[in-house]
Number of protein chains: 2
Amino acid sequence: MFTFDSMEIDLSQAEENYLKAIYSLFVVANKAVSTNKIAEKLNTKASSVTDMVKKLSEKELVNYVKYQGVSLTTEGKNLAVHVIRKHRLWEVFLVRHLGFKWDEVHEVAEQLEHVKSVKLTNGLDAFLDFPKYDPHGDPIPDKEGNFIKRNITILSSLKINEESKIVGVKDSSSAFLKYLDNADIKLGAEIKVIHKENFDNSMMLLIEGQKISISQQISSNLYVKQND
Amino acid sequence: MFTFDSMEIDLSQAEENYLKAIYSLFVVANKAVSTNKIAEKLNTKASSVTDMVKKLSEKELVNYVKYQGVSLTTEGKNLAVHVIRKHRLWEVFLVRHLGFKWDEVHEVAEQLEHVKSVKLTNGLDAFLDFPKYDPHGDPIPDKEGNFIKRNITILSSLKINEESKIVGVKDSSSAFLKYLDNADIKLGAEIKVIHKENFDNSMMLLIEGQKISISQQISSNLYVKQND
DNA sequence: ATAATTTTTTAGACAAGTCTAAAAAATATT
DNA sequence: AATATTTTTTAGACTTGTCTAAAAAATTAT
Ligand SMILES: [Mn+2]
Ligand SMILES: [Mn+2]
Ligand SMILES: [Mn+2]
Ligand SMILES: [Mn+2]
């Protein structure tokens, strides 16, 4: 049976970042992703992407046909998920044990995710007691690469009087996370939709007893789980 | 007053490794170190070292005169010590919290020491309760770069009946550390020299009540602190 | 269906870091 | 002091990952 322990391919940080980018773009698009989209995501140029994608194709980590976009092979996907696992475990560590705020962890996790040591990753996982979610509500793959598939609802799509719980953020930029902190909007908070303003699509909510109005910008970047 | 917080120079991992190598070679030689020695330490070629040393000299991190060896500037030394601080803090973390043995930490620490985040380093330091020594008995610089200067005695230089405590290892290769584990020789152990064999310079010791014989190879790689 | 526009790839260049082989300098030997 | 040996530097090449500018292909508009 497959586990990450068996993975001994030594990729560069650049290669790992490409795999991650391709993975996350594919998840939303659900079809082969363009070199342009990858370039945008990685803050680089499409020509650089073409070069790298050829290299990854040589290594059989991506499927690539000229002019037709890129997708991950099974092996490429496993490697991408493994990097994501490390990224999210480190984020948990930083928040729980080193006093980082959820808007401060990403940059450091981007570095830590490239450290290579199966013992380190699994040791960290155990130390943290096998967390299922990172500080932004994103699921953490276990060492087999399996993770919880969340039943995501976007807050903005809720109807009046529907009740739910905030379980994640779509945008995890520092700016958005800080806004949430200031507005006292936290993961796990119970909310109820009181009113939806037709004019600007803003929403009036009851969050943990508090009445609060949020713009469409905000409500379309919050994931909720509806109460049964 | 100077602290590492003020250091914002962004060095590559290669540059940091060169500074560390030059630092540790200089500490033992106490004079400008040769490109050859640096090459040997870093498992590279002297010609590569010459190139890099020129670059570091441009950045005023080393003093370099052709054919006359290399030494660190104040800034270079500060940066080297900062990397060593991170290396040793991570080693403590790995042993204390992730179940690593002292012979397993070095390789991973070599990667972790290059992660850049003042908040991470100081947070880790605080989480570990500001440890003074790493698992091999090496002193850990604080955030000002200061560390305890140990009064090192090599075990092999002790006379008969002298009593002392094991406080460090000179060789921290995995092979040597595993030997010590098997022989049940630990940092902190109280020892007394019972006998010195003239023939091969082996030593008979009393370690925590146990009688044990060690070769010169071993005794010349153990640091002790003499009891007053 | 042709033309205009956008996307993607190619061609050529560059910086970082490394290597081998040869030249130059320093050191050791006779 | 001259010669041989060792150490160090230079010269030129290679890899990885990136870039700009130009060419080619695909897409959109007319
Ligand atoms: Mn993140
Ligand atoms: Mn996250
Ligand atoms: Mn070490
Ligand atoms: Mn150590």
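Source: prediction; values computed, not measured. (Residues numbered from 1 in each chain as written. Chains lettered and ligands numbered in written order. Predicted model: local features only at pLDDT ≥ 70, side-chain atom pairs only at ≥ 80, totals over all residues. Heavy atoms only, no water.)

### Things to note about helix 3 (residues 46-58) of chain A
What sets the pattern is the α-helix's 3.6 residues per turn: residues three or four places apart point alike. All names here are of chain A. Going by this rule: Counting from the N terminus, the helices are the DSSP runs of H or I reaching at least four residues and the strands are the DSSP runs of E reaching at least two. One fewer than the residue count of a helix, multiplied by 1.5 Å, yields its expected span. Throughout, a residue-residue contact means that at least one pair of heavy atoms, one from each residue, lies within 4.5 Å.
Taking 1.5 Å of rise per residue, the 13 residues of helix 3 would be expected to cover 18 Å, and the 18 Å separating its terminal C-alpha atoms lies within 8% of that figure. Buried residues belonging to helix 3 abut helix 1 (13-29), helix 2 (35-42), strand 1 (62-64) and strand 2 (70-72). Phi turns positive, to about 60°, at E60, one or two residues after helix 3.

### Some points on the coordination of the manganese ion (ligand 3)
All names here are of chain B. In plain terms, the rule: Coordinating donors are taken to be N, O and S atoms lying within 2.8 Å of the metal, or within 3.2 Å when the metal is Na, K or Ca; because water is excluded from the atom set, some sites may appear incomplete. Three exposure classes are used, based on accessible area relative to the maximum for each residue type with a 1.4 Å probe and protein chains only: buried under 20%, partly exposed in between, and exposed over 50%.
Within the protein, the atoms that donate to the manganese ion (ligand 3) are H87 (NE2), E91 (OE) and H106 (ND1), at distances of 2.0 to 2.2 Å. Summarised as a motif, the one-chain spacing of the donors to the manganese ion (ligand 3) is H-x3-E-x14-H. Using a relative accessible area of 1% as the deciding quantity, one classes E91 as buried.

### With respect to the relation of the copies chain B and chain A
Rules: A residue counts toward the fit only if its pLDDT is at least 70 in both copies, and the copies are then superposed by least squares on the C-alpha atoms of those residues.
The transformation that overlays chain B on chain A combines an axial shift of 0.0 Å with a rotation of 180°, and the residual RMSD is 0.0 Å. Taken together, these values place the two copies in the relation of a two-fold axis. Judged by C-alpha distance, L112 of chain B is the residue of chain B that lies nearest the rotation axis, at 3.7 Å. Take the interface residues of chain B: 100% of them recur as interface residues in chain A, which is what a same-surface contact looks like.

### Some words on the interface of chain B and chain A
The condition that has to hold: A 1.4 Å probe defines the accessible area here, and the buried area is the portion of it lost by two parts on being joined, summed over both. For this analysis, a salt bridge means a side-chain nitrogen from Lys or Arg found within 4 Å of a carboxyl oxygen belonging to Asp or Glu. Pairing of N or O atoms within 3.5 Å defines a polar contact, subject to two protein rules: one partner must be a possible hydrogen donor and the other a possible acceptor, and residues neighboring in sequence count only if both atoms are side-chain atoms. For this scheme, ten residues count as nonpolar: Ala, Val, Leu, Ile, Met, Phe, Trp, Tyr, Cys and Pro. Four count as charged, namely Asp, Glu, Lys and Arg, and the remainder, Gly too, count as polar.
Listed as interface residues are 21 residues of chain B and, on the opposing side, 21 residues of chain A. On the chain B side of the interface with chain A, the three residues burying the most area are L98, Q111 and K119 of chain B, jointly 30% of the side's total. Between the two partners, chain B and chain A, sit two salt bridges. For the salt bridge of K119 of chain B with E104 of chain A, the shortest nitrogen-to-oxygen distance reads 3.8 Å. Taken together, the links from chain B to chain A amount to two residue pairs in polar contact (both at pLDDT 80 or more). Contributions of two or more residues to the side of chain B that touches chain A are made by helix 4 (74-98), helix 5 (105-112) and helix 6 (118-127) of chain B. Here the side of chain B that touches chain A is built from residues that sort into 11 nonpolar, seven polar and three charged.

### As for the protein's contact with DNA strand C
What counts, and what does not: Throughout, the term near means that a residue has one or more heavy atoms lying within 4 Å of the molecule or strand in question.
Among the 21 residues in the neighbourhood of DNA strand C, the closest are listed as K54 and Y64 of chain A together with S12, T44 and K55 of chain B. Take K66 of chain A: an N or O atom from its side chain is 2.6 Å from a phosphate oxygen of DNA strand C. With respect to DNA strand C, the side chain of K45 of chain B contributes an N or O atom lying 3.0 Å from a phosphate oxygen. Secondary-structure elements contributing two or more residues to the surface near DNA strand C are helix 2 and helix 3 of chain A together with helix 1 (13-29) and helix 3 (46-58) of chain B. Here the surface near DNA strand C takes five residues from helix 3 of chain B, the largest share from any one element. Taken together, the residues of the surface near DNA strand C sort by class into seven nonpolar, nine polar and five charged.

### Some words on the sheet that holds strand 6 (residues 203-207) of chain B
All names here are of chain B. We apply this condition: Note: two strands are recorded as paired if DSSP finds a minimum of 2 bridges between them. Each axis is a line fitted through C-alpha atoms, and for a helix only the stretch in contact is used; angles between axes span 0 to 180 degrees, taken between their N-to-C directions.
An order of 3-8-4-5-6-7 is seen for the six strands of this open sheet, with the pairing classed as antiparallel. Bordering the open sheet on either side are strand 3 (153-154) and strand 7 (210-214), each of which pairs with just one other strand. Pairing analysis gives two bridges linking strand 3 to strand 8 (residues 222-226), with the strands arranged antiparallel. Counted as the bridge partner of T153 is V224 from strand 8. Of the strands in this sheet, strand 4 (163-169), strand 7 and strand 8 touch helix 7 (residues 174-182), which is tilted by about 140° from strand 4.

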